[in-house]
Amino acid sequence: MDRQSLRILHAESSLGWGGQEHRTFKEMVALRERGHTLELVCQPGAKLGERLAAEGYAVHHVRMRNGADLAAVWRMRRLLRHGRFDVLNTHSGRDSLLAGMAGRLAGTPLIVRTRHLALPLTSLATYTWLPHRVVSVSEHVRQYLIGEGVPAAHAATIYTGIQAQEPVASTLRAELKLPADAIVVGTVAILRAKKGHRELLEAAKPLLTRHPTLHLVWAGNGPQYDNLSALLASEGLTDRVHLLGLRRDVANVLGGCDVFALATHQEALGTSYIEAMAMGLPVIGTRVDGVPEVIEDGVNGLLVPAQDVPALRGALETLIADPALRQRMGEAGRAITRTRFAVATMAGEMEAFYLKSLAERGHA
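Just so we're clear, the structure is a prediction, and the values are computed from it rather than from any experiment. (Residues numbered from 1 in each chain as written. Predicted model: local features only at pLDDT ≥ 70, side-chain atom pairs only at ≥ 80, totals over all residues. Heavy atoms only, no water.)

## Focus: the UniProt feature "domain: Glycosyl transferase family" (unreviewed entry) in the protein
Selection rule: UniProt positions are given in the numbering used here, feature names are shortened, and annotations may be inferred rather than shown by experiment. Secondary structure elements follow DSSP: runs of H or I of four or more residues count as helices, runs of E of two or more count as strands, with numbering from the N terminus.
As annotated by UniProt and renumbered to match this structure, "domain: Glycosyl transferase family" (unreviewed entry) occupies residues 171-334. Structurally, residues 171-334 is divided into 41% helix and 17% strand, and its ends, taken at the C-alpha atoms, are 21 Å apart.

## Here we look at the UniProt feature "domain: Glycosyltransferase subfamily 4-like N-terminal" (unreviewed entry) in the protein
Cross-referencing UniProt, the feature "domain: Glycosyltransferase subfamily 4-like N-terminal" (unreviewed entry) maps to residues 17-164 in the present numbering. Between the C-alpha atoms that bound residues 17-164 there is a distance of 21 Å. The span itself is 43% helix and 18% strand.

## Structural notes on helix H11 (residues 271-278)
This is how it is decided: The cut-offs for exposure are 20% and 50% of the maximum accessible area for each residue type, with area from a 1.4 Å probe on protein chains only; residues under the lower value are buried, those over the upper are exposed, and the others partly exposed. We call two residues contacting when some pair of their heavy atoms lies within 4.5 Å.
The element H11 is extensively covered by neighbouring structure, given that six of its eight residues are classed as buried. Buried within H11 are the following residues: Ser272, Tyr273, Ile274, Ala276, Met277 and Ala278. The inward-facing, buried residues of H11 abut strand S8 (183-188), helix H10 (250-255), strand S11 (259-261), strand S12 (283-286) and helix H13 (323-337). The positive-phi residue at the C-terminal boundary of H11 is glycine 280, with phi of around 80 degrees.

## Describing the side chain of lysine 195
Mapped onto the fold, lysine 195 is located in the loop between S8 and helix H8 (197-210). For lysine 195, a relative accessible area of 14% corresponds to the buried category. The contacts of lysine 195, once residues within four sequence positions are left out, are Ala189, Ile190, Leu262, Ala263, Thr264 and Glu267.

## With respect to the packing of aromatic side chains
For clarity, the cut-off: Here is the rule: rings of Phe, Tyr and Trp (six-membered ring for Trp) pair when centre to centre is within 6.5 Å. Planes less than 30 degrees apart are stacked, more than 60 are edge-to-face, and the remainder are tilted. Here, a charge over a ring is recorded when the distance from Lys NZ or Arg CZ to the ring centre is within 6 Å and its angle to the ring normal is within 35 degrees.
Considering all chains together, one arrives at three aromatic pairs under this definition. With 6.0 Å between their ring centres and 70 degrees between their planes, tryptophan 17 and phenylalanine 25 make a pair best called edge-to-face. Arranged with centres 5.2 Å apart and planes meeting at 65 degrees, the rings of tyrosine 159 and phenylalanine 341 form a pair that is edge-to-face. Of this pair, tyrosine 159 sits in the loop between strand S7 (155-157) and helix H7 (172-176) while phenylalanine 341 sits in the loop between H13 and helix H14 (343-360), placing them 182 residues apart in sequence. Above the plane of the ring of tyrosine 57 lies arginine 32, whose end atom (NZ or CZ) is 3.8 Å from the centre. Over the ring of tryptophan 17 we find arginine 51; its NZ or CZ atom is 4.4 Å from the centre of that ring.

## Description of the environment of valine 185
In this structure, valine 185 sits in strand S8. For valine 185 and histidine 215, which are 30 residues apart along the polypeptide, the C-alpha to C-alpha distance reads 6.3 Å. Those residues in contact with valine 185 that lie beyond four places of it in its chain are Leu214, His215, Leu216, Val217, Val259, Ala261 and Leu316.

## Details of the nonpolar core
Here is the rule: For this analysis, a nonpolar core means a set of buried residues of the types Ala, Val, Leu, Ile, Met, Phe, Trp, Tyr and Cys, connected via side-chain atoms within 4.5 Å.
Counting 42 residues, the largest nonpolar core has Phe260, Tyr273 and Val294 as its most contacted members. Going through the elements one at a time, helix H6 (139-147), H7, S8, strand S9 (214-219), H10 and H11 are the ones with two or more residues in this core. In contact with valine 294, not counting residues within four places along its chain, are Leu269, Tyr273, Ile274, Met277, Asn300 and Phe341. Core analysis: the next-biggest nonpolar cluster, separate from the first, contains 32 residues, Leu214, Trp218, Leu228 and Leu325 among them.

So this is what it looks like as structure tokens:
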């Protein structure tokens, strides 16, 4: 099979836009740039479909009502046969079940399931019986899948990549009217309880008193927005902890920060840490799931136990007090994102995995 001739269909039943959809988008763009043909099958109204259609991709709409939607299976089977795809790559539970069955019925040479989350499995069949191979976004997730019954030889870790970021002339500090000597600790994450915003606030409160120029900036929306907004108002901290809501200019936000901190309780990998590292920021994270694969403690950031407020406070204090350490860690993090966590690395590894798997299955 010619290196430049793969026809790849991605399937995604999710309607939203998050880290999973963003990775799929970047992966498809990068593989198209390498000469492959990429198409998507998704549900009507899916954000991923809208983004890819705007980039000129063929997007096929199939409503996937539930895991037993045989009409959806039949439509995707016809799509796979008509398109003569070499690879079907599924992502969420519903599309992995429906498109996976369609791929088996269509005789698609290679069916791959990508696992984006560090959560318990709900359907082992969508990792063992339906797909031929599985990709995980971290080694932690891969080892979990192996423990659940996925053959080790059929599972590979391919880290999520990001585009290299050049320094930006951030407008964040002017927007928030921060003093020139402000120290800004930023967080970019959905406002969900398990992202640890409350622990971060508890850790920072004494520091806000000791360091009058310290500010926290939280970018993101989510189910905890109103609760956190009310909490900050009740604590009288709205002028020191800034809720920005959902922001599309993430690089601009990060460019106005000195430190990135995310006290997450669970994380398959932690793309937000990688994005902060790409902007030259030292990062503070929790020692959970795939996060230690991103943050090397003492090199490009600091790791603390999840939900350990004193340890989190100590990490914040260390970086707030040492500008030289912030710079060294930021430079180390930027270097890592240009190799291990680059989009080009991800795309090259996905391409190699597809080709190797096809060859192993006799489709070379």
